[in-house]
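Secondary and tertiary structure notes
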Amino acid sequence: MTQTFYVQGRRPGLLSTIARAAFLAVAAIGGIFMLIFATAFAFFAVAGIAVIGFLVFAFFWTKAKITGKPFGPKAQFEQMRKDMESQMGSLNGQSNMRSQSDGPVVDAHRTPDGWSVDD
């Protein structure tokens, strides 16, 4: 048979107090090290994502400049609008979209009796 010894509570003494304080100090230093390591890892992960995003942006911006095409949704919309206006102007034979057969430009405004149109 084996003998079983039960430890009953904490043994008072100077050596156990020093050992306990040393263990807590090592645990605190280890916790601070893990916090610093996790923070550094997060920083480098965010920095890496930012660098990759910048490289992708630079690639597409350079490609747009080399090919002469607009870059970004606003520039693409403006380019499509200009192209559409030029196509509509060439269909009508004029540079603007209003033809002479439309008549004069009138000013319509709301009155208490309804709408009124003035030349």
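For the structure, see preceding data.
All residue numbers refer to position in the chain's written sequence, counted from 1. Local features are withheld for residues below a pLDDT of 70 in this predicted model, meaning they are given only at 70 or higher, and side-chain atom pairs are given and counted only at 80 or more; totals for whole chains, interfaces and linings count all residues. Hydrogen atoms and water are omitted, and side-chain values are computed over all heavy atoms in the structure.

On to helix H1 (residues 14-67). Secondary structure follows DSSP: runs of H or I at least 4 residues long count as helices, runs of E at least 2 residues long count as strands, and numbering of each begins at the N terminus. Expected span of a helix, by definition, is 1.5 Å for each gap between consecutive residues, and there is one gap fewer than residues. Between its terminal C-alpha atoms H1 stretches 80 Å, which fits the 80 Å expected from 54 residues at 1.5 Å a residue. Two residues or fewer after H1 comes glycine 68, characterised by a positive phi angle close to 80°.

What follows covers the packing of aromatic side chains. Between rings of Phe, Tyr and Trp, where Trp is taken as its six-membered ring, a pair exists when centres lie within 6.5 Å; planes separated by under 30 degrees are stacked, by over 60 edge-to-face, and by other angles tilted. The tally for this structure, following the rule as stated, stands at two aromatic pairs. Seen in terms of ring centroids, phenylalanine 43 and phenylalanine 44 are 5.4 Å apart; in terms of plane orientation they differ by 70°. Their pairing is edge-to-face. Residue class for phenylalanine 43 comes out exposed when judged on its relative accessible area of 55%. With a relative accessible area of 60%, phenylalanine 44 lands in the exposed category. Taken together, a centroid distance of 5.2 Å and an interplanar angle of 70° make the contact between phenylalanine 59 and phenylalanine 60 edge-to-face. Classification of residues uses two cut-offs on accessible area relative to the type maximum, computed with a 1.4 Å probe and protein chains only: under 20% is buried, over 50% is exposed, and between them is partly exposed.

With that settled, consider the pairing of strand S1 (residues 107-111). Strand direction decides the pairing type here: S1 and strand S2 (residues 114-118), joined by five bridges, are antiparallel. From the neighbouring strand, aspartate 107 faces S2, where its bridge partner is aspartate 118. Strand pairing is assigned whenever DSSP detects at least two bridges linking the two strands. Linking S1 back to S2 in an antiparallel pair, the connection comprises two residues.

Here we take up the pattern of salt bridges. Opposite charge on two side chains lets them pair, provided their charged atoms get close. For this document, the term salt bridge refers to a Lys or Arg side-chain nitrogen within 4 Å of an Asp or Glu carboxyl oxygen. On inspection of all chains with the given rule, the structure shows two salt bridges. The salt bridge partner of arginine 81 is glutamate 78, with a shortest N-O separation of 2.9 Å. Of the two residues, arginine 81 and glutamate 78 are both situated in helix H2 (residues 73-92); the distance of three residues between them amounts to about one turn of the helix. When the shortest N-O distance is used, the salt bridge between arginine 81 and glutamate 85 registers 2.9 Å. Within this pair, arginine 81 and its partner glutamate 85 are both found in helix H2, separated by four residues, close to a single helical turn. Looking at arginine 81, the relative accessible area reads 30%, which means it is partly exposed. Assessed through its relative accessible area of 35%, glutamate 85 is described here as partly exposed. Through salt bridges with shared partners, one network takes in Glu78, Arg81 and Glu85.

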